[in-house]
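Tertiary structure, described
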Amino acid sequence: MFRIRKKRVLTPVTVLFEVEAPLVCRHAQPGQFVIVRLGEKSERIPLTIMDATRDGILSIVIQAVGKSTRELISLNEGDCLADVVGPLGQPCPLRDSGTVAVVGGGFGVAPIIPIARALHERGVRVIAINGARTAELLILEEELQAVSDRYLVSTNDGSKGIKGMVTDVLQMLISEGERLDEVIAIGPMVMMRAVAEVTRPHGIRTLVSLDPIMVDGTGMCGVCRVSVGGQTRFACVDGPIFDAHQVDFDLAVRRGHMYDAEQKLALERYEKCRCSTGGEA
Amino acid sequence: MPLRKTKVPMPEQPPEERIRNFREVALGLTPELAREEAERCLQCKNPACEQGCPVNVRIKEFIGKLRQGDLEGAYRTIWATNILPSICGRVCPQEEQCEKYCLMGKKNEPVAIGRLERFLGDWAREQGLRLAEKAPPNGKRVAVVGSGPAGLTCASDLAQKGYEVTVFEALHVPGGVLMYGIPEFRLPKAVVQAEIDGLRALGVEIKTDVVVGKTLTVDDLFADGYQAVFLGTGAGLPNFLGIPGENFCGVYSANEFLTRINLMKGYLFPEYDTPVKCGRRVAVIGAGNVAMDAARCALRLGPEKVYIVYRRTWDEMPARREEIHHAKEEGIEFHLLTAPVEILGDENGWVTGMVCQRMELGEPDASGRRRPVPIPGSEYRLDVDTVIVAIGTTPNPLVSRSTPGLQTTSWGGLIIDEETGMTSRPGVFAGGDSVTGAATVILAMGAGRRAAAGIDRYLSEGGKRA
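What you see is a predicted model, and the numbers here were worked out from it, not measured in a lab. Numbering of residues begins from 1 in every chain and follows the order in which that chain's sequence is written. Just so you know, chain letters begin at A and ligand numbers begin at 1, following the order they were written in. Owing to the predicted nature of the model, reporting of local features is limited to residues with pLDDT of at least 70; listing and counting of side-chain atom pairs is limited to 80 or more, with chain, interface and lining totals taken over all residues. To obtain the side-chain values, all non-hydrogen atoms of the structure were used and water was disregarded.

Attention now moves to the overall build of chain A. The secondary structure listing takes helices from DSSP runs of H or I that are at least 4 residues long and strands from runs of E that are at least 2 residues long, numbered from the N terminus. On a plain count of helices and strands, chain A comes out with 9 helices and 16 strands. When its C-alpha atoms are laid out on the principal axes, chain A stretches across 55 × 40 × 40 Å. Considering only contacts within chain A whose residues lie at least 6 apart along the sequence, 64% involve residues at least 24 apart. The method behind every accessible area is Shrake-Rupley, applied with a 1.4 Å probe, and residues are considered shielded solely by the protein chains displayed. Surface summary for chain A: the accessible area is close to 11,500 Å², and the carbon and sulfur share equals 48%. Residues scored as positive are Lys and Arg, those scored as negative are Asp and Glu, and His as well as the terminal groups of each chain are ignored. Charged groups are reduced to one reference atom each: NZ for lysine, CZ for arginine, CG for aspartic acid, CD for glutamic acid. Counting 32 positive and 35 negative side-chain charges, chain A places the averaged centre of each group 2 Å from the other. In this analysis, two residues are considered to be in contact whenever any of their non-hydrogen atoms come within 4.5 Å of each other.

All right, on to the sheet that holds strand S1 (residues 2–11) of chain A then. Residues and elements named next belong to chain A. For two strands to be treated as a pair, DSSP must find at least two bridges joining them. Across the sheet, which stays open at both edges, the 7 strands sit in the order S6-S1-S2-S5-S4-S3-S7 with antiparallel pairing between neighbours. Strands at the two margins of the open sheet, each flanked by one partner only, are strand S6 (80–81) and strand S7 (83–88). Where strand S2 (residues 14–20) meets strand S5 (residues 57–63), 7 bridges bridge the pair, whose relative direction is antiparallel. Opposite Val15, over in S5, you have Ile62 as the bridge partner. For helices, the fitted line uses only the C-alpha atoms of the stretch in contact; every axis is such a line through C-alpha atoms, and the angle between N-to-C directions lies from 0 to 180 degrees. Strand contacts of helix H3 (residues 109–121): strand S4 (45–52) and S5, with the helix running at about 40° to S4, the strand carrying the most contacts.

Between chain A and chain B, the residue contacts involve 47 residues of the former and 44 residues of the latter. The term buried area refers to how much accessible surface (probe radius 1.4 Å) is lost by two components on association, counted for both of them together. When chain A packs against chain B, close to 3,900 Å² is buried across both sides, 55% of that on carbon and sulfur atoms. Three residues stand out in chain A for area buried against chain B, namely Lys41(A), Met220(A) and Tyr259(A), and they jointly supply 18% of the buried area on that side. Only one rule defines a salt bridge in this text: a Lys or Arg side-chain nitrogen within 4 Å of an Asp or Glu carboxyl oxygen. In this assembly, chain A and chain B are joined by 5 salt bridges. Here Lys277(B) and Glu262(A) are joined by a salt bridge, their closest N and O atoms 2.9 Å apart. Under the rule applied, a polar contact is a pair of N or O atoms within 3.5 Å (in protein, one hydrogen donor and one hydrogen acceptor; residues adjacent in sequence only if both atoms are side-chain atoms). Applying the counting criterion to the chain A and chain B interface returns 22 residue pairs in polar contact (both at pLDDT 80 or more).

What follows concerns a nonpolar patch on the surface. The grouping of Leu3(B), Leu42(B) and Leu103(B) at the surface amounts to a nonpolar patch, some 260 Å² of accessible area in total. Looking at where Leu103(B) falls in the secondary structure, it is placed in the loop between helix H6 (85–91) and helix H7 (104–107). Here, patches come from residues exposed beyond 30% relative accessible area and free of salt bridges, joined within 9 Å for like charges and within 5 Å for nonpolar side chains (Val, Leu, Ile, Met, Phe, Trp, Tyr).

Okay, the sheet that holds strand S8 (residues 305–309) of chain B next. Two modes of strand pairing occur in sheets, parallel and antiparallel, and in both the strands are linked by backbone hydrogen bonds. All names here are of chain B. Here 5 strands make up an open sheet; going across it, the order is S6-S14-S7-S8-S9 and the pairing parallel. Each having just a single partner strand, strand S6 (251–253) and strand S9 (333–335) make up the two edges of the open sheet. Strand-to-strand, the axes of this sheet are offset by a mean angle of 25°, without reference to chain direction. The pairing of strand S7 (residues 281–285) with strand S14 (residues 386–389) spans 4 bridges and is parallel. Residue pairing across strands places Val284 opposite Ile388, the latter belonging to S14. Across the face of the sheet, helix H13 (residues 254–263) comes into contact with S6 and S14 while running at roughly 80° to S6.

Turning to the environment of Gly353(B), a few remarks are in order. Residue and element names in this part refer to chain B. Relative to the helices and strands, Gly353 resides in strand S11 (residues 351–364). Three labels apply to residues, based on accessible area from a 1.4 Å probe with only protein chains included: buried if under 20% of the type maximum, exposed if over 50%, partly exposed otherwise in between. What makes Gly353 buried here is its relative accessible area of 0%. Not counting residues up to four positions away in its chain, the partners in contact with Gly353 are Glu342, Ile343, Leu344, Arg381, Leu382 and Val384.

In a packed pair of helices, the relevant descriptors are the angle between the two axes and the axis-to-axis distance. All names here are of chain B. Here H13 crosses helix H14 (residues 289–299) at 50°, and the two axes come no closer than 10 Å. Judged on the interaxial angle alone, H14 and H13 are oblique. In this structure, H13 crosses over H14, and the sense of that crossing is left-handed. Here Ala254, Phe257, Leu258, Ile261 and Asn262 of H13 come into contact with H14, specifically with Val290, Asp293, Ala294, Cys297 and Ala298. For this classification, Asp, Glu, Lys and Arg are treated as charged, while Ala, Val, Leu, Ile, Met, Phe, Trp, Tyr, Cys and Pro are nonpolar and the rest, including Gly, are polar. Of the residues in the contact of H13 with H14, the class split is 8 nonpolar, 1 polar and 1 charged. Orientation is classified from the angle alone, with under 35 degrees giving roughly parallel, over 145 giving roughly antiparallel, 65 to 115 giving roughly perpendicular, and any other angle giving oblique. Helix crossings get a hand from a simple test, with the near helix turned counterclockwise from the far one by less than a right angle marking a left-handed crossing and a clockwise turn marking a right-handed one.

The next thing to look at is the environment of Ile83(B). With respect to the helices, strands and loops of the structure, Ile83(B) is situated in the loop between helix H5 (71–79) and H6. Taking the C-alpha atoms as reference points, Ile83(B) and Leu116(B), 33 residues apart in sequence, are found 15 Å from one another.

So, about the packing of helix H5 (residues 166–176) of chain A against helix H6 (residues 189–199) of chain A. Residue and element names in this part refer to chain A. Here H5 crosses H6 at 20°, and the two axes come no closer than 9 Å. The angle between the axes of H5 and H6 places the two elements in the roughly parallel class. When the axes of H5 and H6 are compared, the crossing they make is right-handed. Counting all contacts with H5, which are made through Val166, Thr167, Leu170, Gln171 and Ile174, the residues of H6 involved are Met191, Ala194, Val195, Val198 and Thr199. Classifying every residue of the contact of H5 with H6 gives 7 nonpolar, 3 polar and no charged.

Our focus in this paragraph is helix H11 (residues 189–201) of chain B. Given 3.6 residues per turn, any residue in an α-helix points the same way as the ones three and four places further on. All names here are of chain B. To estimate the expected span of a helix, subtract one from its residue number and multiply by 1.5 Å. For H11, spanning 13 residues, the distance from its first C-alpha to its last is 18 Å, which sits close to the expected 18 Å at 1.5 Å a residue. Every buried residue belonging to H11 is among Lys189, Val191, Val192, Ala194, Ile196, Gly198 and Leu199, and all of these are buried. For H11, the elements touching its buried residues are H6, helix H8 (113–127), helix H9 (149–160), helix H10 (177–180) and strand S3 (205–207).

On to the side chain of Glu178(A), then. All names here are of chain A. Looking at the secondary structure, you find Glu178 in the loop between H5 and strand S12 (182–186). Residue classification places Glu178 among the buried positions, given a relative accessible area of 16%. Side-chain polar atoms of Glu178 contact the side chain of Arg150, separated by 3.0 Å. Other than its neighbours up to four places away in sequence, Glu178 contacts Thr99, Arg125, Ile127, Arg150 and Leu173.

Now the structure itself:
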């Protein structure tokens, strides 16, 4: 069992858990992920690692989307996860010099932090863009700012920072004449695709972390297959980080919707169940 | 009383009933039926059946004892060479092994050796009879990677010799392919669980959620004090066809489909959280045991049609005869001498059909089976909305890639010394599908046992040479 040592509510739908997972922490590197399972009947859910300390504390950020993630964020300090397995996938390739823009959208900010930190420690100039729909959904601002040389915020409604999308900020940086050697973007699929389209005409190498549906996370099932440069790859073992300009985002988006109907059904059933038991599901 | 010419029929759930549940199909022989079947054995002077068994179970002897009503003696006889009779009795391809050589089978049906083996395994489990005994600890530690049939056998043998054994399993439950791959209706999970409980009773520690190659490397295991490592990591990487349309939604690897159902209990969604989506018309590509399992699982999810699409004929099918028979009985339609050439999809990326091509058999290929050759212009469209690819698996490279000095074949199989099971890396042993590619439970067990002996010798001789 994997005990939750600390819970931090970041937004009404996003929490940060610090979990006791010493084995996972032993080799965890920026860009890798874990698979988490809450209990006996639960799904295996892939979550990108935010931090893994030497004393075995794993930080993960969870955003409530469907039933399973809602159940997860309702856990409290002292509760246990049935399973945490990892680190899985390939670490993010890290440059040794130059300037890298790291772009985090929504809860994608969490996994961008260890990458930004590692780059920063290597002496790379890190420009961070933290984006959300509105100010109250911005997460981990201090943490990201602490590991970047320049820190920018965007909100769609202009409630904080620059009004617009992360891509507007990225475009602005490029127009300003910032020489970007690389862009690393993690967030919703639509955001990552938009980032790829901003950098493509400028030939800026761009990496994204894909989060397709997974089951085992070890290369066994192949549900996470994505097309990169015309080749089928398994995101769980070959990724999850890929060259954004080579990714077939149409396919990735379509495959991401494969279980929408089931997700909706499970969520409705869960909500109903919560209501009928007075919230004690 | 003259000898029965045919096997005593196995009590089974009727097809029309069983296609609506996941409960076991073959219900098992009663003691009376088992005795009756045992009476059919000719007790040959030179029992050819035993040569057909990959682990040389003393078949004549166990059937002889069973006949005399000595069930415990019969079970002990099997157990001496096969610690998983309940499992092997259910999943071994007996028609290719013991029963193939049965003298009765020359003119009539062979003795149902597999069913008798299963009967005894189940009997012993119900009696709570456990033969494995803990030996006094010898102070040596061995790590077993993977908890499928190879790992379980290796761990059991070593624990009985006094080794302190830790089994590392990547998934959240131990059992490997016995849990995620083979369906409940063919191998009830309670049977597997009993074997795992038995292993724990021997003092073997099982650590789930550890992906060796990721969570820990083989080098970490040595650094952590294990003196030898056994790799029983199986062949878990699914092959795809490499035809257009394979990434449409609704195309599964058999591994994915079976894992969702068997391991994650997707057929009980939404009570269990992992869904499995099965359309109205399902095509399963391939005709091995995994293909039969996938087709029969699909059928139990209630579609209109389930097809097996196979490029050769009945004779070349690698599946157990009994599974093919069960699949036919259950109403699965076979499209033989047929190969898929393209999967078709709609604008949302969902499967709408499959273009197939008719084949004819040509000259034998490297596997000795006649090679299927496409018939030009024979393409036709099969209306399906779900495609399950069951054309084989290869060893998962997570361990070999993270272990310096480990030699593999061109297709990723671990290279070992046949006699000792040792790989190119001293102290690292391997066996089962990770060495041979996808094969059978019994072969993996045999390999696990050989490697356990190899490890014992290696560590007894001071860990220098095996």
